[in-house]
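# Close look at the chain arrangement
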Amino acid sequence: RQHNDSMHVRVHSITRTLFDGEATSLTCPTTSGEITVLAHHRPLLSELKAGMLKIITIKGEESYIPVVSGFLEVSVGGFVSVLTD
């Protein structure tokens, strides 16, 4: 069950799932600058550039995933997907 101030984040590469869980924030390097997605973020589709994804889980743990390129999609209902290579 999702917390009110969290969202479900999935990070997929071509070959495997790199992260799948509840998070309070996701910081991404997009082609238009770094953004942080929080719960209740408006729907968004953005291209990623090289850098580091930073995920803060609902337990307060930080996960870092390097990306070269990819896409970020924020959907209605607190679902966030990242596809990276």
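The preceding data block contains the structure.
Sequence order as written defines residue numbering, which begins from 1 separately in each chain. For a predicted model such as this one, the threshold for reporting local features is a pLDDT of at least 70, and the threshold for listing and counting side-chain atom pairs is 80 or more; totals across whole chains, interfaces and linings nevertheless cover every residue. Water and hydrogen atoms were dropped before computing side-chain values, which therefore reflect all heavy atoms in the structure.

What follows covers the overall build of the protein. Looking only at helices and strands, the protein has zero helices and eight strands in total. Each helix and strand of the protein, placed in order from N terminus to C terminus, yields the pattern β-β-β-β-β-β-β-β. Here the globule rule is a power law, 2.2 Å times the number of residues to the power 0.38, and the radius of gyration is based on C-alpha atoms. Its C-alpha atoms give the protein a radius of gyration of 12 Å, within 12% of the compact-globule value 12 Å for 85 residues. Its C-alpha atoms put the protein at 30 × 25 × 20 Å along the principal axes. Any residue under 20% of the maximum accessible area for its type is buried, any over 50% is exposed, and the rest in between are partly exposed; the area is computed with a 1.4 Å probe on protein chains only. A burial count over the protein gives 38% of its 85 residues as buried. Whether two residues are in contact is decided by their heavy atoms, any of which lying within 4.5 Å being enough. Summarising the internal contacts of the protein: among those between residues at least 6 apart in sequence, 46% fall at separations of at least 24. Surface summary for the protein: the accessible area is close to 5,100 Å², and the carbon and sulfur share equals 53%. For the purposes of this entry, the term helix denotes a DSSP run of H or I that reaches at least four residues, the term strand denotes a run of E that reaches at least two, and both are numbered from the N terminus. The Shrake-Rupley method, run with a 1.4 Å probe sphere, supplies the accessible areas, and residue values consider only the shown protein chains as cover.

With that settled, the discussion passes to the pairing of strand E4 (residues 44-48). Every second residue of E4 is oriented toward a common face, the buried set being Leu44, Ser46 and Leu48 and the non-buried set Leu45 and Glu47. What makes two strands pair is DSSP finding at least two bridges between them. The pairing of E4 with strand E7 (residues 70-75) spans five bridges and is classified as antiparallel. Within E7, the residue paired with Glu47 across the bridge is Phe71.

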